[in-house]
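Here is how the chains run, residue by residue.
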Amino acid sequence: MANIKAEDEISLFEREMKEFWTKFKSIYGPEQINQILVLRDSCKESINALSEKWSKKLKEGDLMINKIQEYNNEILRQSQRVSENQEHFTKIKANVNQEEEQRKLLLDSIQELKEELMKKKEIIASKNQVAKERMERLCKSKVLFEERIGLEIRRIHNEQLQFVFRHIDHKDPDKPFMFTLSINEQGDYEVTSCTPPLDCIAELQLKVRETNNFSAFVANIRKAFTALSYK
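Residues numbered from 1 in each chain as written. Predicted model: local features only at pLDDT ≥ 70, side-chain atom pairs only at ≥ 80, totals over all residues. Heavy atoms only, no water.

### A closer look at the side chain of Ser182
Working step 1: Inspection of the secondary structure puts Ser182 in strand E3 (residues 177-183).
Working step 2: Ser182 has contacts with Gln160, Asp188, Tyr189, Glu190 and Thr192, leaving out every residue within four places of it along the chain. (Helix = DSSP H or I, 4+ residues; strand = E, 2+ residues; numbered from the N terminus. Contact = heavy atoms within 4.5 Å.)

Now the structure itself:
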């Protein structure tokens, strides 16, 4: 744009010079005219040199302006990238913080579950120990019961013991009277079956849980079977 303006000014100047020269020839003589021509040519050369110089300067100025504009655009683009990267970094940081918090909560939950599992294992181990000790006592009593009261004790499925009484029914001494006993999850005695059924079995079961007197429990069941056989 600056180049166009400079060229318009030069054209206007040349036109005005031509008009001036035409008027001048009509007034002055040949010698003066030649001197003026020399002067004119000298001025023209100076003007052309100056015009070329300024035209070059103007072009350089336009190039400089374009470069400055490019620099400004690049700076703007870089600023936008920095802003976008900063926003992206902020989001990443927020996600990392959130994930870290979730990881901490998960680790806390895992620790709580581990502690709860350890407690349950300890409780189960304790109950198993109690059940084992009771089962050992039952087995130790087996021979005594068999010899004294005609009782046969059998180990059956699911770690249960079956107690079979004979010599109860005086009409049929070999007739079996039996009940099945197990140790439940709470470590208590539990009668799972009774043949023939006894109305008092629940009461006897509750009593042995309270007193832990197993010999009396077995003796009372035998008495109940005996009483039932006379009905």
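Okay, back to it.
### Structural notes on the pairing of strand E2 (residues 160-165)
Working step 1: Among the 6 residues in E2, 6 count as buried, and that is most of the element.
Working step 2: Alternating positions in E2 separate into two faces, Gln160, Gln162 and Val164 on one and Leu161, Phe163 and Phe165 on the other, with burial throughout.
Working step 3: By the bridge criterion, 6 bridges tie strand E1 (residues 151-156) to E2 in an arrangement that is antiparallel. Within E2, the position partnered with Glu152 by the bridge is Val164.
Working step 4: Joining the antiparallel neighbours E1 and E2 is a turn of 3 residues, in which Asn158 adopts a positive phi near 55 degrees. (Buried < 20%, exposed > 50% of the residue type's maximum accessible area, 1.4 Å probe, protein only. Pairing = 2+ DSSP bridges.)

### Here we look at the pattern of salt bridges
Once the charged atoms of two side chains with opposite charge are near each other, the side chains can pair.
Working step 1: For the structure shown, the criterion picks out 7 salt bridges.
Working step 2: The residue Glu100 makes a salt bridge to Arg103 at a minimum N-O spacing of 2.8 Å. Taken together, the positions of Glu100 and Arg103, both in helix H2 (residues 30-149) and 3 residues apart, correspond to about one turn of that helix.
Working step 3: Overall, the relative accessible area of 41% leaves Glu100 in the partly exposed class.
Working step 4: The partly exposed category is assigned to Arg103, whose relative accessible area is 44%. (Salt bridge = Lys/Arg side-chain N within 4 Å of Asp/Glu carboxyl O.)

### Considerations on the packing of aromatic side chains
Working step 1: Evaluated as defined, the whole model comprises 8 aromatic pairs.
Working step 2: Taking 5.4 Å as the distance between ring centres and 55 degrees as the angle between the ring planes, the aromatic pair formed by Phe177 and Phe225 counts as tilted. With a gap of 48 residues between them, Phe177 in strand E3 and Phe225 in helix H4 (residues 214-229) connect regions that are remote in the sequence.
Working step 3: Every member of this aromatic cluster is reached through a ring pair, and the members are Phe163, Phe165, Phe177, Phe179, Tyr189, Phe214, Phe217 and Phe225. (Phe/Tyr/Trp six-rings, centres within 6.5 Å; stacked < 30°, edge-to-face > 60°.)

### What about the sheet that holds E2?
Working step 1: The antiparallel open sheet is built from 4 strands, whose spatial order is E1-E2-E3-E4. The open sheet terminates on both sides in strands that have one partner only, identified here as E1 and strand E4 (189-195). Averaged over all neighbouring strand pairs, the angle between strand axes comes to 25 degrees, with direction disregarded.
Working step 2: Note that E3 and E4 share 6 bridges and pair antiparallel. Among the inter-strand pairings, Thr180 is bridged to a residue of E4, identified as Ser193.
Working step 3: Here H4 sits on the sheet and contacts E1, E2, E3 and E4; the angle it forms with E3, its principal contact strand, is near 150 degrees. (Axes fitted to C-alpha atoms, helices over the stretch in contact; angles between N-to-C directions.)

### What to know about the nonpolar core
Soluble globular proteins: nonpolar side chains tend toward being buried together.
Working step 1: Formed by 23 residues in total, the largest nonpolar core has its most connected members in Phe163, Phe165, Phe179, Leu181, Phe217, Ile221 and Phe225.
Working step 2: At 6 residues, the largest contribution of residues to this core is made by H4. (Core = buried A, V, L, I, M, F, W, Y, C linked by side-chain atoms within 4.5 Å.)

### Some words on a nonpolar patch on the surface
Working step 1: On the surface, Leu106, Leu107 and Ile110 cluster together to form a nonpolar patch covering roughly 260 Å² of accessible area.
Working step 2: By secondary structure assignment, the location of Leu107 is in helix H2. (Patch = residues over 30% accessible without salt bridge, like charges linked within 9 Å, V, L, I, M, F, W, Y side chains within 5 Å. Areas by Shrake-Rupley, 256 points an atom, 1.4 Å probe, with all protein chains shown as cover.)

### Description of unusual backbone geometry
Working step 1: Following Thr195, the chain continues to Pro196 via a peptide bond in cis, the omega torsion being -10 degrees.
Working step 2: With respect to the helices and strands, the residue Pro196 is situated in the loop between E4 and helix H3 (201-211).
Working step 3: Positive phi, close to 55 degrees, is recorded for Glu159, a residue that is not glycine.
Working step 4: In this fold, Glu159 is placed in the loop between E1 and E2.
Working step 5: Although it is not a glycine, Asn212 sits at a positive phi angle of roughly 60 degrees.
Working step 6: According to the relative accessible area criterion, Asn212 is partly exposed, its value standing at 36%.

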